[in-house]
Amino acid sequence: MRRRHRFNLLIWLALLIVAVLEFGFSFAPIPAGARPILMLPAVLMVALVALGYMRLLTAPEIARGFAIAGIFWLTILLGLAMTDPLTRSVYAVIG
Amino acid sequence: MNSLSPARSMSEEVAPHTHFQYADAGHQANTAVAGMWLFLASEVLFFGGLIAAWMFCRHWQPAGFDAGARETVLWIGSLNLVLLITSSFVYSSGLAFIKAGNAGRLIQCCVLTMIIGTLFLLLKFYEWHIDISEGLFPSSGFFKITGADAGGARMFWSFYFVATALHALHMIVGVGLVGWIAIQARRGAYVAGWFTPVEVVGLYWSFVDIVWIVLYPAIYLVGRG
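Below, the structure is looked at part by part. (Residues numbered from 1 in each chain as written. Chains lettered and ligands numbered in written order. Predicted model: local features only at pLDDT ≥ 70, side-chain atom pairs only at ≥ 80, totals over all residues.)

**Comments concerning the overall build of chain B**
Put simply, the rule reads: Secondary structure elements are taken from DSSP: a helix is a run of H or I of four residues or more, a strand is a run of E of two residues or more, and numbering for both begins at the N terminus. Here the globule rule reads 2.2 Å times residues to the power 0.38, and the radius of gyration is calculated from C-alpha atoms.
Of the regular secondary structure elements, chain B holds 7 helices and 0 strands. Put simply, chain B runs from its N terminus to its C terminus through helices and strands in the order α-α-α-α-α-α-α. Here the C-alpha radius of gyration of chain B, 22 Å, is well above what a compact globule of 225 residues would show, namely 17 Å. Along the first, second and third principal axes, the C-alpha set of chain B runs to 75 × 30 × 25 Å.

Rendered as structure tokens:
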């Protein structure tokens, strides 16, 4: 049990460190177009919670399958939603 | 209760929490955990629609969207992030305690988790009060941001209120579930060998934490250039 508590504490500390770094980086002079890069620490934090507190690696196989399916369909959702805005050419109106 | 009752009674003597349709307690626990993960996968797509809206709107109106984001109350959003991360840690500790058979500690962890969750909600309500009193509600009336950026800013604040309200709704459900776990634990429902509901509610609580982890930079940080 002590090992599990130590593991939980380490995950909490890692989450806090990433959160502080994320907060600090948000004040860096990043161009507006590149600022969505600030979402990357959140991806790391999501992985820490899913693997640490939600014990995804030791979950039943079918549960891991559901988790992977969720990520897969989220990728499809976000990918298709952004296909149009990222590939459309906007031409200036002449005259 | 019928002709199956004698068999059910025998089963209850061996594993009192195992329902008849499962081969054993492990099978039942795995099914419950998998069921919660299936629900969470559907929730990923539910909140995924919101994130898609954020990406789409910011792509077309970056200046207005960021003008709106700069008006958010950063200290409340950041404090709430720390609170939710801590609440997941506390609840996970409670799960570790009940695995070792310590129901008293589980109850304490549940109560602390509920206090942190309630504090999060109170801060969120206070933040909404500040936002609305400053004229940031995207209604047809007065809106603080004017000029060329007004349209994008209105889109940002529409996203903000929808996303935070949906998250708060999930938080209220979560606080209720953790309270239910605490009551059940007090009645002696959980022991070292059986604590599946504690585990399942923990998955839900951590997912609500994850949603805020994703919303926090999208709302408070990305637009603060």
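**A short note on the overall build of chain A**
Put simply, the rule reads: Any residue whose C-beta has 12 or fewer other C-beta atoms within 10 Å is treated as exposed, any with 20 or more as buried, and any in between as partly exposed, C-beta atoms being built from the backbone.
Summing up its helical and strand segments, chain A has 3 helices and 0 strands in all. When its helices and strands are written in sequence order, chain A yields α-α-α. The principal-axis extents of the C-alpha atoms in chain A amount to approximately 75 × 35 × 10 Å. Counting over 95 residues, chain A shows a buried share of 22%.

**Things to note about the nonpolar core**
What tends to happen in soluble globular proteins is that the nonpolar side chains get buried as a cluster. All names here are of chain B. Keep this limit in mind: Working definition: the nonpolar core is a set of buried Ala, Val, Leu, Ile, Met, Phe, Trp, Tyr and Cys residues, joined through C-beta atoms within 7 Å. Placing C-beta atoms from the backbone, we regard two residues as in contact once those atoms come within 7 Å.
Residues Trp-37, Leu-106, Cys-110 and Val-178 are the most contacted members of the largest nonpolar core, which totals 80 residues. Per element, the largest residue contribution to this core is 17 residues, and it comes from helix 7 (residues 196-221). Residues contacting Cys-110, with those up to four places away along its chain left out, are Gly-94, Val-178, Ile-181, Ala-182 and Ala-185.

**A look at the interface of chain A and chain B**
What counts here: The residue classification treats Ala, Val, Leu, Ile, Met, Phe, Trp, Tyr, Cys and Pro as nonpolar and Asp, Glu, Lys and Arg as charged. All others, Gly included, are polar.
Counting residues at the interface gives 38 residues for chain A and 42 residues for chain B. At 13 residues, the largest contribution of residues to the side of chain A that touches chain B is made by helix 3 (residues 61-87) of chain A. Along the lines of polarity and charge, the residues of the side of chain A that touches chain B split into 31 nonpolar, 4 polar and 3 charged.

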